[in-house]
Structure formats: C-alpha cells, structure tokens
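Residue-level structure breakdown
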Amino acid sequence: MIVVLIGYMASGKSTLGKMLAKKLNYEFVDLDDYIEEIEKMTVSDVFKTKGEIYFRKQESFYLKEKLENSNNIILSVGGGTPCFGNNMEMILDSKNVISIYLKASIPKLVKKLIKKKDKRPLIAHIETEEALTEFIGKHLFERSPYYSQAQLIINTGSKSKKNIVEELILKLF
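This one's a predicted model, so the numbers in the text were calculated from it and none came from an experiment. (Residues numbered from 1 in each chain as written. Predicted model: local features only at pLDDT ≥ 70, side-chain atom pairs only at ≥ 80, totals over all residues. Heavy atoms only, no water.)

This brings us to the overall build of the chain. Within the chain one finds eight helices and five strands. Relative to the compact-globule value of 16 Å for 173 residues, the chain shows a C-alpha radius of gyration of 16 Å, a close match. With respect to the three principal axes, the spread of C-alpha positions in the chain is 45 × 40 × 25 Å. Burial status across the chain gives 46% buried among its 173 residues. By element, 53% of the accessible surface of the chain is carried by carbon and sulfur atoms, the whole surface being about 9,400 Å². Here the chain contributes 27 positive and 22 negative side-chain charges, whose respective centroids are spaced 6 Å apart. (Helix = DSSP H or I, 4+ residues; strand = E, 2+ residues; numbered from the N terminus. Rg over C-alpha atoms; globule rule 2.2 N^0.38 Å. Buried < 20%, exposed > 50% of the residue type's maximum accessible area, 1.4 Å probe, protein only. Areas by Shrake-Rupley, 256 points an atom, 1.4 Å probe, with all protein chains shown as cover. Lys, Arg positive; Asp, Glu negative; His and termini not counted. Charge placed at Lys NZ, Arg CZ, Asp CG, Glu CD.)

Shown next as structure tokens:
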C-alpha cells in the first residue's frame, strides 16, 4: 500500500508521515526531498533557475514514478502538488494508493509558519501575521477543491501528533 499525504504547508505531512512510516514499518518519502536529490538543488533553486513550469513537470513525473514503482511507503507531497496538472487524478486513480488530507486550521498554520517563513519561498515576503492569515486563507480557498478529493480527511485540530498517527492507523486498517 502507498499512503499519500496531502495538505497545506506546515500541516504536518512530513512530521506525521515519518511517525506513521515508523509505526507501520514503511519507507517515508518526501517528494520535494526526492526531487532535490535528483535535481541536485533545492526546490527554491529549481524555481529560481529553471522556473515553476519545469518544476511542476518534474514533480508530476516523479510522483507518477513513485506511485507506479513503490509499495509500503508513506509519500508526503508538496502543498501545491495535488493542484497542478493531473496530479490529484493520478493519485486517486492509482492502484493500492490511499490519499489522506491533513486538514489544519488557518490559525494553526499561521502560528507554525510565521516562525519559519524565511525557509518557505512562497511566504518569505509576507511581513505581518494578518497578511499571512489572509494569504493562507485565500490559498486554502483555491486549493481546497483538490485537497477535499482525498479518500480520507483528518482534521488535525488540537490533537497531539501521537493521537493523529493513531487515528491515521485506525482509518487505514
């Protein structure tokens, strides 16, 4: 089985994905890290030097590769991955794949992202908490039709990471 974790940046895809992979004895793959490894540069640098269109094509290519040639993995995809090309369809139509939307509230995302926005090219330019709240709200509004297609939706709310992982395991099996 392949479990694909989708959701907005800072929704917990990597952290929870690693914890879930450990519990299930699966491999954890972060699609962005995988792309960085192959491209030999950061996602930010790929965007800067080769452009977003190039990145999105590579992202689709490597997503397809992972979905077709993997088993027993937890795959965390970038926040934008489901929203481009036919990536969400590819995830939903793949055999032996379960997609999970980790749904976090806007205040929770703002609280997590405000501290590390410098590491996130998409929001690095945003100066205030109010502006970040507005940006995330608008972005989630645009992305939510894609995210909501996931087979399972887990509201992360104020639950502990451990409780979220337990909930994921219960829903998966």
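Viewed as axis vectors pointing N to C, helix α3 (residues 43–50) and helix α4 (residues 52–69) meet at an angle of 130 degrees, and their least axial separation amounts to 7 Å. On the basis of their axis angle, the class for α3 and α4 is oblique. Counted together, V43, V46, F47 and K50 of α3 and E52, Y54, F55 and R56 of α4 form the full contact between these two elements. Within the contact of α3 with α4, the residues separate by chemical class into five nonpolar, no polar and three charged. (Axes fitted to C-alpha atoms, helices over the stretch in contact; angles between N-to-C directions. Parallel < 35°, antiparallel > 145°, perpendicular 65-115°, else oblique. Contact = heavy atoms within 4.5 Å. Nonpolar A, V, L, I, M, F, W, Y, C, P; charged D, E, K, R; others polar.)

When you line up the elements, K116 lands in the loop between α6 (106–115) and α7 (129–147). A sequence separation of 106 residues divides K116 from A10, and the C-alpha atoms of the two residues are 9.7 Å apart.

Moving on to the UniProt feature "binding site: Mg(2+)" (unreviewed entry) in the chain. If you check UniProt for "binding site: Mg(2+)" (unreviewed entry), the listed places come out as S14 in our numbering. With respect to the secondary-structure elements, S14 resides in helix α1 (residues 13–24). With residues up to four places along the chain from it excluded, the contact list for S14 reads F28, D30 and S76. (UniProt positions renumbered as here; feature names shortened; annotations may be inferred.)

Another aspect to go through is the nonpolar core. In this structure, V4, L67, L75 and L113 are the most contacted members of the largest nonpolar core, which totals 36 residues. Once residues lying within four places of it in the same chain are set aside, the contact partners of L113 are Y8, M9, A10, R120, I123, L132 and I136. Counting 18 residues, the second-largest nonpolar core is a separate cluster that includes L16, I100, I164 and L168. (Core = buried A, V, L, I, M, F, W, Y, C linked by side-chain atoms within 4.5 Å.)

A word on the environment of S70. Take S70: it is sitting in the loop between α4 and β3 (73–76). Residues S70 and N96, spaced 26 residues apart in sequence, show a C-alpha to C-alpha distance of 9.9 Å. A polar contact is formed between the side chain of S70 and the backbone oxygen of K66, at a distance of 2.8 Å. (Polar contact = N/O pair within 3.5 Å; in protein donor to acceptor, adjacent residues only side chain to side chain.)

Below, the discussion takes up the UniProt feature "binding site: substrate" (unreviewed entry) in the chain. In the numbering used here, UniProt assigns the "binding site: substrate" (unreviewed entry) feature to D32, R56, G79 and R143. Within this annotated set, the largest pocket is lined by D32, R56, G79 and R143. Checked against the element boundaries, D32 lands in helix α2 (residues 31–39). Among the residues examined, D32 registers a relative accessible area of 23% and is labelled partly exposed. Not counting the four nearest positions on each side in its chain, D32 is found in contact with V43, F55, E59 and G78. Counting through the fold element by element, R56 comes out in helix α4. The exposure class assigned to R56 is buried, which follows from its relative accessible area of 15%. In this structure, R56 is in contact with F47, G80, T81 and F84, ignoring residues within four places of it in sequence. Within the structure, R56 has its side chain in polar contact with the side chain of E59 (distance 2.9 Å). (1 Å grid on protein atoms, 1.4 Å probe; cavity = no way out; pocket = protein on both sides within 12 Å on 5 of 7 lines; lining within 4 Å.)

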